[in-house]
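# Architecture and fold: a report
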Amino acid sequence: LLWGIAGRLSSLFGLRGLWPRAGAGGRQVLLGSSQRPAAGAAAPDGGGDMSRPKIARTAAAAASGAGGCGGLSFGDLSEEVHTSVLLSLRGFEAARLATVAPFVAELLRKELPWRTFTRQEFHAGALPGSGGGSGSSCEEQEVDAPKKQGAVNAYRSFRAWELCKTLTWRRVPCRHRLGEREGSPSVFTCRGYLFVFGGWGHGPEQDLHAGSLSELPLSLTPVALMGANRPPMTYESKITLLEDPVMGGETAPGSPVRVVVTGGYLHGGYRSECAAFGVLELTFPAEGGGPPKAAWVYAGHMEPVSNHSATFVPRRVAGPTFPKGYLLVYGGNRQGEVSSDVALLDLDTFAWTEPEVAVGDGERGPRARNSHSATLLRAPACVPGAQHAVLVVGGGDGDASNGGPPRGGQDVLDGWWLSGLEGAQSLRWTQAHDWSRQRSEGTGRAGRGHVAARVGATNTLLVWSGGRPPDPHAVAFIDGMPRAVETVQAGAHGDDARRLSAPMPRGFGGGCGLADGTLIIYGGWHVRGHTFSDVWAAYAGEQATDFVARLPEPLADDGGGTRLAGFGGGGD
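Here we summarise the structure given alongside this text. (Residues numbered from 1 in each chain as written. Predicted model: local features only at pLDDT ≥ 70, side-chain atom pairs only at ≥ 80, totals over all residues. Heavy atoms only, no water.)

### Some points on the overall build of the protein
As a reminder, the rule being used: Helix and strand definitions here come from DSSP, where helices need a minimum of 4 consecutive H or I residues and strands a minimum of 2 consecutive E residues; each element is numbered from the N-terminal end. Two residues qualify as a contact provided that any one of their heavy atoms is within 4.5 Å of a heavy atom in the partner residue. Using a 1.4 Å probe, the Shrake-Rupley method yields the accessible areas, and only the shown protein chains count as cover for residues.
Broken down by element type, the protein carries ten helices and 34 strands. At a minimum sequence separation of 6, the contacts of the protein that also span at least 24 residues come to 63%. Accessible surface, the protein as shown: approximately 23200 Å² in total, 50% of it carbon and sulfur.

Printed below as a string of structure tokens:
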């Protein structure tokens, strides 16, 4: 009954699903701005004749104990029961209810509800301001973060990450000998270190560099790759870290972590897809024991492919059929032609399979593509019967017939969910969104060679640049739906805060997300001839992440960036 009452109050307000579309105006509450439905607007349960005052009076009466249900009033219930009912909502919904229910506002002044809201909505992962950028454990972060900045502020920061309305960049002071690189060098983070692998520098590269995220300037130094059982040197390969704490794929502390390298091109000019994969094992000495070490431990054969995606699906999602999870490979170029094939690598047996994939009713399935992204997320309501799904976003269809991945063909501007991941016996495509005809100024397009990363422990995918020519904007995918992200500069206000210092647009570089919500990028290429060696970091929302807060303040005329208004278009 009590859960039903909470659901009814949610329906009266039209709360569920409304907040992400709310405007910036409205009454200030615990979590900032809110917006209520207009008078007379239809409620989700079909009641369209309730005015705003009537809704407020009805909810307030029920919440304050003036109304009863079968002789039971809210005033008769304990605080524990009230809190349990409140926790059936999301945090931002509860904050809106507090504007008409004083006893709810009183409950929300305590830490416990906000801690619980944060865990319910954002699951595992680093809390804002918890030091997640330096590699502390998830358990420590969940306990310590609210003490450092308050549970309400922690929730507010997570919510800002989830909505991802603005993006603020700072250049990372960095020492490295990588030089300028394109060809999609891999950037990933593990155990408090940032790693960069491969790409195209002076030809195909097969080197690994690492640096501690706790030290500034960031120093990326070479890591010797031991072992003779290694794949050939390639570029445009995919490097996949076999660890994902947010999705339940984490290794025991102190144990080695594996990385899988798949495919790529063997020769310049985007020729000769590689038919091999390799497994690299990273070990992390005890504190004070020196930098990470790496060794090749396995090499095997696969169907030749390049510019594909390779997504780790951990055992928790893959199910008991795959005791170590599997690698999901999608799309890419195969024997000179762009494809939409799906292949699975069992990470226990290293055996490849090509499963059948169904398509939703009335849909044709995704277009063949390469140079896209594919990210494991929690499945939204539009993907029925699934807890998790892989979101495939953007890319291009350039191949040997039309000029190759960077210049040929067209950008592919749509997104698809791949569900049925448990057991991989009932994989199914469901279209997320097609934005090919909806692009407007200031909206990113997520074209070929973009950088994509999950924002902290949220279910939001942040995509930056990519495309032909590279796009200077970012776009956030919230439950698969794209929304424009505005680039701002720290310390600026009003019109001066818009479209200032940021990295130059590029494609076919590398990037990743840190546990504290930071986006980091390195390298890349622009069709006008630029190749990059710079490192940048960005955060969503108003509060700088733990990593970005330690970086020096940006300069208005930073030579590594560009005023986006002057670099937003043009031909090839």
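### Points about the sheet that holds strand E28 (residues 451-454)
In plain terms, the rule: When DSSP finds two or more bridges between two strands, those strands count as paired. To obtain each axis, a line is fitted to C-alpha atoms, and for helices this fit is confined to the stretch in contact; angles are then taken between N-to-C directions over 0 to 180 degrees.
One open sheet accounts for eight strands, arranged E28-E29-E30-E31-E3-E34-E33-E32; its pairing is mixed. Edge positions in the sheet fall to E28 and strand E32 (510-513), since each has one partner strand and no second. Put simply, the sheet's adjacent strands are angled 25° from each other on average, direction ignored. Taken together, the four bridges between E32 and strand E33 (residues 519-522) define a ladder with antiparallel strand orientation. Bridge assignment links glycine 510 to a residue of E33, and that residue is tyrosine 522.

### Thoughts on the sheet that holds strand E21 (residues 342-346)
The antiparallel open sheet is built from four strands, whose spatial order is E17-E18-E21-E22. The sheet terminates laterally at strand E17 (309-313) and strand E22 (352-353), the two strands that pair on one side only. In the sheet, E21 pairs with E22 via two bridges, with the strands oriented antiparallel. Looking at the pairing, leucine 345 lines up with tryptophan 352 of E22.

### Some words on the side chain of arginine 448
In plain terms, the rule: Relative accessibility under 20% of the residue-type maximum defines a buried residue, over 50% an exposed one, and the middle range a partly exposed one, all with a 1.4 Å probe and only protein chains included. Polar contact is defined as a pair of N or O atoms within 3.5 Å, subject to the rule that within protein one atom must be able to donate a hydrogen and the other to accept it, and that residues adjacent in sequence are counted only when both atoms are side-chain atoms.
Along the chain, arginine 448 turns up in the loop between strand E27 (427-434) and E28. Given the relative accessible area of 0%, arginine 448 is considered buried. Within the local environment of arginine 448, its side chain forms a polar contact with the backbone oxygen of glycine 409, the two atoms lying 3.4 Å apart.

### Considerations on the pairing of strand E26 (residues 414-419)
Where burial is concerned, most of E26 is hidden: six out of the six residues are buried. Sheet analysis places strand E25 (residues 388-393) next to E26, joined by four bridges and oriented antiparallel. Note on E26: the bridge partner recorded for valine 390 is leucine 418.

### Describing the side chain of serine 237
Looking at the secondary structure, you find serine 237 in the loop between strand E11 (225-226) and strand E12 (238-241). Using a relative accessible area of 7% as the deciding quantity, one classes serine 237 as buried.

### Looking at the packing of helix H6 (residues 111-122) against helix H8 (residues 151-163)
Helix-helix packing: each pair is described by the crossing angle between the helix axes and the interaxial distance. Inclusion rule: Each angle is binned into one of four classes, with values under 35 degrees roughly parallel, values over 145 roughly antiparallel, values of 65 to 115 roughly perpendicular, and all other values oblique. Crossings are assigned a handedness: left-handed for a near helix turned anticlockwise from the far helix by less than a right angle, right-handed for a clockwise turn. Each residue gets one label: Ala, Val, Leu, Ile, Met, Phe, Trp, Tyr, Cys and Pro are nonpolar, Asp, Glu, Lys and Arg are charged, and the others, such as Gly, are polar.
Interaxial distance between H6 and H8 falls to 8 Å at its minimum, and their mutual angle equals 25°. If you check the angle between H6 and H8, you find them roughly parallel. In the packing of H6 onto H8, the handedness of the crossing is left-handed. Across the interface between the two elements, Glu111, Trp114, Arg115, Phe117, Thr118, Glu121 and Phe122 from H6 touch Ala151, Val152, Tyr155, Phe158, Arg159 and Glu162 from H8. For the contact of H6 with H8, the per-class residue count stands at seven nonpolar, one polar and five charged.

### A short note on the packing of aromatic side chains
Rules: Planes of paired rings set the category: under 30 degrees apart is stacked, over 60 is edge-to-face and the rest tilted, where pairs are Phe, Tyr or Trp rings (Trp by its six-membered ring) whose centres lie within 6.5 Å.
A complete count under the given rule lists 25 aromatic pairs for this structure. Aromatic side chains tyrosine 193 and phenylalanine 284 sit 6.1 Å apart centroid to centroid with 40° between the ring planes, which places their arrangement in the tilted category. Of the two residues, tyrosine 193 sits in strand E6 (residues 193-197) while phenylalanine 284 sits in the loop between strand E15 (271-283) and strand E16 (293-305), which places them 91 residues apart along the sequence. A relative accessible area of 17% places phenylalanine 284 in the buried class. Relative to tryptophan 296, the ring of phenylalanine 197 lies with its centre 6.4 Å away and its plane at 75°, an arrangement referred to as edge-to-face. Taken together, the residues phenylalanine 197 in strand E6 and tryptophan 296 in strand E16 connect sequence positions 99 residues apart. Each of the two residues, phenylalanine 197 as well as tryptophan 296, counts as buried. An aromatic cluster of at least three residues, connected via ring pairs, comprises Trp114, Phe117, Phe122, Tyr155, Phe158 and Trp161.

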